[in-house]
Amino acid sequence: MELLSEIPLSWKDFFQKEQSTPYFQQLITSIEEEYHNHSILPEKKAIFNAFQFCDPSNIKVVIIGQDPYPTKGHAHGLSFSVQPHVHPLPKSLHNIFKELIKEYPHYWFYNGNLAHWAEQGVFLLNTLLTVREGQPLSHKKIGWELFTSNVISYLSNHTKHCVFLLWGKEAHKFESLIAHDQHLILKTSHPSPLGYTKNGKDFISFQNSGQFQLTNNYLKQNGRDEIKW
C-alpha cells in the first residue's frame, strides 16, 4: 500500500496486523479515493507523520486530537500542531501555549509547529487522520476511529509509565483502553474556546489544569526524561 511506504520499522508489527483486517483495507481504499476526488488534508505523505517521529519504545506522552485542521497549509500530521508559517495560531493551540506560559513563565515559542515535542516522545495523534478541506469531521465513521482505538490499546500494552492527556469528550472515549495501573491519565476539557473553562463530573477544565508540570513530575518519578515543552 503506497500510503504505508514511509512507516518506520519500529511500527512494523502493529501495521502488519492492521493491514490484515478488512476494516483497514477498506479504510485505505476510501482514503485513496478521497485524495483522487477531493482536496484532502494533510498532504498524503504526512498522514502518518506522528508515527514517523515516535518509536513506540520512546513514547512518553500521548495527546489525542480530533481531526486535522481543515484549512489548507495548516495540518501536517501531528495533532494540534501547524506548519511553521501559520499565523495567527488556531485558538486551541493559542490556549495550549497560554497554559504552558502559566506553568513555565520563561516558556517561549517561535511558531505553532510542535515537532520538537514529537522528537522528545510526545505522540500527537488525531482521532481522524484526514479531512476534506473546509469540512471538519468529514472523515468521521470511515474507519479512523477503530484505527486510533487500536493504536491506543497497542501503546497501553507495549509501553510503561506514559502520560495520556485526554483533552475533550472525544479523547475521553479512549480512557477505557488505557491500563490505569501502568500509566497516568489526565482528563481535561478541550483547549478550544468552547471547552477551555468547562469542568465535568470526571474531568477538570483545561484552564489552570497544571497538567504539563504534572506530566513532567510523573515522568521524573518513573525515571524518564522530562519533556522540554
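Residues numbered from 1 in each chain as written. Predicted model: local features only at pLDDT ≥ 70, side-chain atom pairs only at ≥ 80, totals over all residues. Heavy atoms only, no water.

A.B. asks: Summarise the overall build of the chain; cite the residues concerned and give the values.
C.D. replies: Within the chain, the regular secondary structure consists of eight helices and six strands. A compact globule built from 229 residues would reach a C-alpha radius of gyration of about 17 Å, and the chain, at 17 Å, matches this within 12%. Along the first, second and third principal axes, the C-alpha atoms of the chain reach 45 × 40 × 35 Å. Looking at the chain residue by residue over its 229 residues, the buried ones come to 52%. Here the contacts in the chain between residues at least 6 apart in sequence split such that 64% fall between residues at least 24 apart. Of the roughly 11300 Å² that the chain leaves accessible, carbon and sulfur atoms contribute 51%. Each charge sign in the chain was given a centre, from 21 positive and 21 negative side chains, and these centres are 6 Å apart. (Helix = DSSP H or I, 4+ residues; strand = E, 2+ residues; numbered from the N terminus. Rg over C-alpha atoms; globule rule 2.2 N^0.38 Å. Buried < 20%, exposed > 50% of the residue type's maximum accessible area, 1.4 Å probe, protein only. Contact = heavy atoms within 4.5 Å. Areas by Shrake-Rupley, 256 points an atom, 1.4 Å probe, with all protein chains shown as cover. Lys, Arg positive; Asp, Glu negative; His and termini not counted. Charge placed at Lys NZ, Arg CZ, Asp CG, Glu CD.)

A.B. asks: Which residues make up the packing of aromatic side chains, and what values do they have?
C.D. replies: Applying the stated criterion across every chain, the model contains 30 aromatic pairs. Judged by centre distance (5.2 Å) and plane angle (80°), the ring pair of phenylalanine 51 and phenylalanine 123 falls under edge-to-face. With a gap of 72 residues between them, phenylalanine 51 in helix α3 (residues 49-53) and phenylalanine 123 in strand β3 (residues 122-126) connect regions that are remote in the sequence. Phenylalanine 51 gets classed as buried once you look at its relative accessible area, which sits at 0%. (Phe/Tyr/Trp six-rings, centres within 6.5 Å; stacked < 30°, edge-to-face > 60°.)

A.B. asks: Outline the pattern of salt bridges, listing residues and values.
C.D. replies: The full count for this structure, using the stated rule, is eight salt bridges. Glutamate 175 is the salt-bridge partner of lysine 187, the closest N and O atoms lying 2.8 Å from each other. Here the residue lysine 187 occupies a position in strand β6 (residues 184-188), and glutamate 175 occupies one in the loop between α7 (169-172) and β6, the gap between them amounting to 12 residues. For the pair formed by lysine 187 and glutamate 175, the shared burial category is buried. In this structure, lysine 187 engages aspartate 202 in a salt bridge whose closest nitrogen and oxygen atoms are separated by 2.6 Å. Of this pair, lysine 187 sits in strand β6 while aspartate 202 is found in the loop between β6 and α8 (211-221), placing the two residues 15 residues apart along the sequence. Put simply, Lys140, Glu170 and Lys173 are held in one network by salt bridges that share partners. (Salt bridge = Lys/Arg side-chain N within 4 Å of Asp/Glu carboxyl O.)

A.B. asks: Explain the packing of helix α2 (residues 22-37) against helix α6 (residues 144-158) to me, using residue names and the numbers behind them.
C.D. replies: Helix-helix packing is characterised by the crossing angle of the two axes and by the distance between the axes. Between α2 and α6, the least distance of the axes is 10 Å, while the angle of their chain directions is 125°. With respect to α6, the axis of α2 lies oblique. For the pair α2 and α6, the crossing hand works out as left-handed. Two secondary-structure elements touch here, α2 through Tyr23, Phe24, Leu27 and Ile31 and α6 through Trp144, Leu146, Phe147 and Asn150. The residue inventory of the contact of α2 with α6, partitioned by class, reads seven nonpolar, one polar and no charged. (Axes fitted to C-alpha atoms, helices over the stretch in contact; angles between N-to-C directions. Parallel < 35°, antiparallel > 145°, perpendicular 65-115°, else oblique. Left-handed = near helix turned anticlockwise from the far one by under 90°. Nonpolar A, V, L, I, M, F, W, Y, C, P; charged D, E, K, R; others polar.)

A.B. asks: Talk me through the nonpolar core; I want residue IDs and the actual numbers.
C.D. replies: One recurring pattern in soluble globular proteins is that nonpolar side chains are buried together. Membership of the largest hydrophobic core comes to 69 residues, with the highest contact counts inside it found for Trp11, Phe15, Phe48, Phe51, Trp117, Phe123 and Phe147. Non-local contacts of tryptophan 117, meaning those with residues more than four positions away in its chain, are made with Ile63, Ile96, Leu100, Tyr107, Val122, Leu124, Phe212 and Trp229. (Core = buried A, V, L, I, M, F, W, Y, C linked by side-chain atoms within 4.5 Å.)

A.B. asks: Before we move on, can you summarise the sheet that holds β3 with the specific residues and values?
C.D. replies: Spatial ordering of the open sheet is given by β3-β2-β5-β6, a layout of four strands whose pairing is parallel. Edge positions in the open sheet fall to β3 and β6, since each of these has one partner strand only. Each strand axis lies, on average, 15° off the axis of its neighbour in the sheet, ignoring direction. Here α6 sits on the sheet and contacts β2 (61-65), β3 and β5 (163-167); the angle it forms with β3, its principal contact strand, is near 160°. (Pairing = 2+ DSSP bridges.)

A.B. asks: Account for the side chain of glutamine 211, with residues named and values stated.
C.D. replies: When you line up the elements, glutamine 211 lands in helix α8. Those residues within four positions of glutamine 211 in sequence are excluded, and the remaining contacts are Glu103, Leu165, Trp167, Leu186, Thr188 and Phe206.

Structural measurements only, silent on function.
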